[in-house]
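Each chain is listed here by its residues.
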Amino acid sequence: MAKKKQLIDLKAQNIEFKLDKVLYKLESFNPNFMTLSLLRLEDGEKTYIRDFPFAHLPKEIKKIVKPN
């Protein structure tokens, strides 16, 4: 059985990116499932998103997170 990796907290790094005029802030990264938890900020409204796929991130952000 494979050893499970720990959840990586990204809040302290303040990583933000924009997709379709919506600002996203990374909260945490789960390397076991290659998913992220993030905060979506649109029109002053905050929405928490779980299980956002790592593959859907912009290339610049993937370089910062580095799943390996």
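The structure this text deals with has already been given above.
Residues numbered from 1 in each chain as written. Predicted model: local features only at pLDDT ≥ 70, side-chain atom pairs only at ≥ 80, totals over all residues. Heavy atoms only, no water.

Draft legend 1. Expanded view of the pairing of strand β5 (residues 45-53). For strand β4 (residues 35-42) and β5, the ladder comprises seven bridges, and the chain directions are antiparallel. Looking across to β5, one finds that leucine 38 is bridged to isoleucine 49. In this antiparallel pair of consecutive strands, β4 and β5, the connection spans two residues, and aspartate 43 shows a positive phi of 55°. (Pairing = 2+ DSSP bridges. Helix = DSSP H or I, 4+ residues; strand = E, 2+ residues; numbered from the N terminus.)

Draft legend 2. Representation of the pairing of strand β2 (residues 16-19) within the structure. Sheet topology places β2 next to strand β3 (residues 22-30); four bridges connect them, and they run antiparallel. Pairing of leucine 19 across the sheet is with valine 22, part of β3. Linkage of β2 to β3, two consecutive antiparallel strands, is achieved through a turn of two residues, within which aspartate 20 is found at a positive phi near 50°.

Draft legend 3. The arrangement of the side chain of asparagine 30 in detail. Structurally, asparagine 30 is set in strand β3. Assessed through its relative accessible area of 18%, asparagine 30 is described here as buried. Looking at asparagine 30, its side chain comes within polar contact range of the main-chain nitrogen of asparagine 32, at 3.0 Å. Excluding residues that lie within four positions of it along the chain, asparagine 30 makes contacts with Leu7 and Thr35. (Buried < 20%, exposed > 50% of the residue type's maximum accessible area, 1.4 Å probe, protein only. Polar contact = N/O pair within 3.5 Å; in protein donor to acceptor, adjacent residues only side chain to side chain. Contact = heavy atoms within 4.5 Å.)

Take it as geometry only, folks, not as evidence of what the structure does.
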